[in-house]
Amino acid sequence: MADEKRENGQPLLEIADLRVHFALREGVFTRRRDVVQAINGVSLRLRRGEVFGLVGESGCGKTTLGRAVVGLAPVLTGDIRFAGQTVVGLTGRAARERARRIQLIFQDPYSSLHPRKTVRDLVGAGLKFHGLAQGYEIDEQVLLMLEGVGLGLDHLYRYAHEFSGGQRQRIALARALVLKPELLILDEPTSALDVSVQAQILNLLKELRRQFQLTYLFISHNLGVVRYMSQRIGVMYLGHIVETGATEDLFLRPQHPYTRVLLSALPSLDPDAPSKRQVLAGEPPTPINPPPGCPFASRCPDVRDICHQQKPDLGQRGGEPTHLCACHFPRLEQPAK
Amino acid sequence: MRVVDELLLDVRDLKVEFHTLHVVVHALQGVSFQLRRRETLGLAGETGCGKSVTALAILRLINRPGRISHGQVLFEGRDLLALSEPDMRELRGSQISMIMQEPKMSLNPVIRAGDQVAETLLIHDRSLTRRTAKARAVEMLASLGIPDAPRMAGRYPHELSGGMAQRIMIAMMLVTRPKLLIADEPTSALDVTIQAQILEVMKALIREINTAVLLITHDLGVMAETCDRVAVMYTGSVVEIGPVRVVLKNPQHPYTQGLLKTIPNNVAPDQPLFSIRGQVPSLLQPPTACAFAPRCDRAEERCRVEIPPRYVLEEGHHVACFLHQGRPEVGALPEPLTERG
């Protein structure tokens with residue numbers, strides 16, 4: 001299998017104990033400063049050519065993690081290494097080179113494309129900025145890329161508002177890929193799209209990954225989509241990765257209680273076999289000055305005293321060395337089916 | 001199975017147009033469906049297919065430049081499109097309520113949550129005192145699983161999370177015990193664990209007060225778990241309608257079949273996802289043929305020149321597709337319909 005090949009590969013992206021905090025000021029005259037602990041000690045590695053899915057609910061820090069990788073979020077401590085080099089705090093030429101090699105695709109293609117620029121300008125802007133092409137070469141490369149994402153010559157001089165959501169996401173992809181990046185951070189790339197359009201874009205993403213040998217950090221709250229796209233998955237909760245492992249392993253043998261709740265919340269399409277939904281009480285606590293102990297303790301169905309005092313480490317709990325879980329009382333039995 | 005209840009809502013050949021400077025958008029191109037008391041009907045379909053316009057048209061909330069050009073909306077036998085505006089206003093909120101997708105957009109930002117729920121009661125029942133209305137509002141919030149309801153009732157919408165705000169919205173809409181609740185994507189803006197909570201409390205409350213529900217959602221999973229029947233819409237008309245089990249497990253319209261196949265659940269990662277080829281057609285021309293024909297693999301000559309009627313496959317399962325020609329058609333509409341100015 002391709003697994004072996006990946007094992008030997010150097011990690012393309014390596015995040016080590018990353019913390020991203022944002023300071024919040026309450027009022028104009030108060031001294032008190034609250035801190036949003038958006039990412040609280042996250043480590044992960046992406047091998048070249050791999051798709052790593054990052055799932056979690058709003059506010060869990062998955063978007064911030066993606067933004068930190070491209071330097072759009074302030075890193076408090078920890079390191080982000082891309083192809084062996086640290087990318088934290090880059091400036092000048094190094095930052096520009098990072099910006100070319102790591103591209104970000106945003107969720108909402110309606111607001112990520114400049115409304116007063118034509119597709120040619122939108123897609124070609126990066127080429128110009130990085131000095132990769134000039135004059136008619138820009139048009140050539142833009143056109144080639146547009147064809148790669150399923151658009152064509154007659155779209156070249158149109159404006160973003162003339163396109164549907166799916167087509168706009170194709171333009172955003174063309175804009176990213178024309179710079180020949182190595183890593184693509186896809187932040188909910190299909191959440192704003194209808195299912196039938198989503199299917200087209202997911203197929204395109206798979207095809208482009210093969211064609212350009214890309215690595216994806218695929219951020220989504222949709223477990224079905226993540227399962228279909230990723231080889232490995234990380235589940236985030238309140239700024240922590242609470243469980244990570246190979247996709248099928250994680251789906252069939254979830255260890256962390258939060259992962260199990262998430263999986264059970266996936267609505268079943270079969271009215272005769274409704275999902276055995278575990279309904280969680282309460283809502284995720286805010287990442288503003290979170291309590292010590294396990295981040296999930298306040299909603300966990302299996303919570304015990306120690307969970308409120310001591311934060312569990314992310315480590316191997318079951319038999320699978322790649323399957324890590326941060327829980328004092330993980331569930332390790334074999335799947336029921 | 002549920003006991004078959006009497007008819008509550010009968011939408012007949014509803015057409016809505018939006019007139020702009022140069023073009024006319026035919027948003028609804030003859031929507032027909034029925035809803036019985038205590039029943040939950042799901043309205044499925046993709047962006048732009050007319051789900052929300054249908055909901056707004058039932059409540060007569062289509063504003064200029066839109067207009068309802070044709071059809072009837074019979075609610076308990078009365079044609080809502082023929083009611084006077086004051087009568088209609090009386091009906092909205094007391095008999096028919098609507099929950100919108102974005103709860104924070106629908107709540108008044110400067111009125112406390114509890115007061116907004118109480119206000120709904122006060123408007124529709126003048127005999128209530130402010131105090132009793134507030135007490136009932138708090139009671140309602142508690143029954144929706146809101147912890148510490150009296151304190152939550154005192155909060156402003158911006159102090160609430162998305163899930164809490166949607167609960168307030170649901171409380172506001174159900175506190176008058178309406179006969180029909182229209183819920184337009186009530187959980188789409190929420191996280192899955194919160195969505196699960198909201199669906200549970202909504203289902204329990206709907207059962208308790210015996211409301212019929214028209215649930216609009218693009219999430220077929222939510223539909224499978226909540227609805228009794230499903231109507232699938234495509235470019236402004238209903239292409240398939242039937243019991244949820246039949247439509248999701250044994251869909252008969254090529255569009256419904258395609259839509260279900262595009263969902264990435266349980267598709268092996270090495271298989272490409274099925275995708276319906278082509279694009280949704282524009283709504284600028286009134287239909288002269290099957291709107292799905294250009295994207296359909298099984299389209300025949302007839303599909304390109306004629307609008308398919310709704311064929312009855314079995315009791316309550318209707319499909320608008322010529323693949324089923326020869327089956328009995330849904331009976332011609334009982335009354336002649338009048339054009340509306």
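Residues numbered from 1 in each chain as written. Chains lettered and ligands numbered in written order. Predicted model: local features only at pLDDT ≥ 70, side-chain atom pairs only at ≥ 80, totals over all residues.

Asks: What should I look at first to understand the overall build of chain B in this one?
Replies: Looking only at helices and strands, chain B has 11 helices and 12 strands in total. Radius of gyration (C-alpha) of chain B: 21 Å, near the 20 Å computed for a compact globule of 341 residues. Counting only C-alpha atoms, chain B reaches 65 × 55 × 45 Å along its principal axes. The burial tally for chain B puts 47% of its 341 residues in the buried class. (Helix = DSSP H or I, 4+ residues; strand = E, 2+ residues; numbered from the N terminus. Rg over C-alpha atoms; globule rule 2.2 N^0.38 Å. Buried ≥ 20, exposed ≤ 12 C-beta atoms within 10 Å, placed from the backbone.)

Asks: I tried to follow helix H4 (residues 113-124) of chain B on my own but got confused; where do I start?
Replies: Of the positions making up H4 of chain B, those classed as buried are Ala-113, Gly-114, Gln-116, Val-117, Ala-118, Thr-120 and Leu-121 of chain B. Next to the buried residues of H4 of chain B lie helix H5 (130-143), helix H6 (149-153) and helix H7 (162-174) of chain B. (Contact = placed C-beta atoms within 7 Å.)

Asks: Looking at this structure, how should I read the domain arrangement of chain B?
Replies: We note that the domain assignment places domain 1 (7-95 + 178-324) and domain 2 (105-177) within chain B. Spacing between the C-alpha centres of domain 1 of chain B and domain 2 of chain B amounts to 29 Å. (Domains from an automatic or database assignment.)

Asks: For this particular structure, what's the right way to read the nonpolar core?
Replies: Note on soluble globular proteins: their nonpolar side chains tend to be buried together. Core analysis: the largest hydrophobic core is formed by 191 residues, its most contacted members being Ala-137, Leu-141 and Ala-171 of chain B. Here Ala-171 of chain B is in contact with Val-117, Ala-137, Met-140, Leu-141 and Leu-144 of chain B, once residues within four sequence places are set aside. (Core = buried A, V, L, I, M, F, W, Y, C linked by C-beta atoms within 7 Å.)

Asks: Can you help me understand unusual backbone geometry in this one?
Replies: Excluding glycine, residues mostly carry a negative phi; peptide bonds, for their part, are mostly trans. Looking along the chain, the bond that leaves Arg-64 of chain B and enters Pro-65 of chain B is cis, with omega of 5°. Turning to its location among the elements, Pro-65 of chain B is positioned in the loop between helix H1 (51-58) and strand S4 (66-75). Look at Lys-180 of chain A: it is not a glycine, yet its phi comes out positive at around 55°. Looking at the secondary structure, you find Lys-180 of chain A in the loop between helix H6 (165-177) and strand S7 (183-187). Positive phi, normally seen in glycine, also occurs at Glu-76 of chain B, with a value near 50°. Position of Glu-76 of chain B among the secondary structure elements: in the loop between S4 and strand S5 (78-79).

Asks: What am I meant to see in the packing of H7 of chain B against helix H8 (residues 192-209) of chain B here?
Replies: Packed helix pairs are specified by the crossing angle of their axes together with the interaxial distance, meaning the distance between the axes. All names here are of chain B. H8 packs onto H7 with a crossing angle of 10° between their chain directions and a minimal axis gap of 10 Å. By the angle class used here, H7 and H8 are roughly parallel. The two elements H7 and H8 meet at a crossing, and its hand is right-handed. Judged by residue contacts, Gly-162, Gly-163, Gln-166, Arg-167, Ile-170 and Leu-174 of H7 engage Ile-194, Gln-197, Ile-198, Met-202, Leu-205 and Ile-209 from H8. (Axes fitted to C-alpha atoms, helices over the stretch in contact; angles between N-to-C directions. Parallel < 35°, antiparallel > 145°, perpendicular 65-115°, else oblique. Left-handed = near helix turned anticlockwise from the far one by under 90°.)

Asks: Before we go on, may I ask you to explain helix H5 (residues 136-148) of chain A in this structure?
Replies: Note: α-helices contain 3.6 residues per turn, so residues at a spacing of three or four share the same orientation. Compared with the 18 Å implied by 1.5 Å per residue over 13 residues, the 18 Å span of H5 of chain A between its first and last C-alpha is a close match. Those residues of H5 of chain A that are buried are in contact with helix H4 (119-129) and H6 of chain A. (Expected span 1.5 Å × (residues − 1).)

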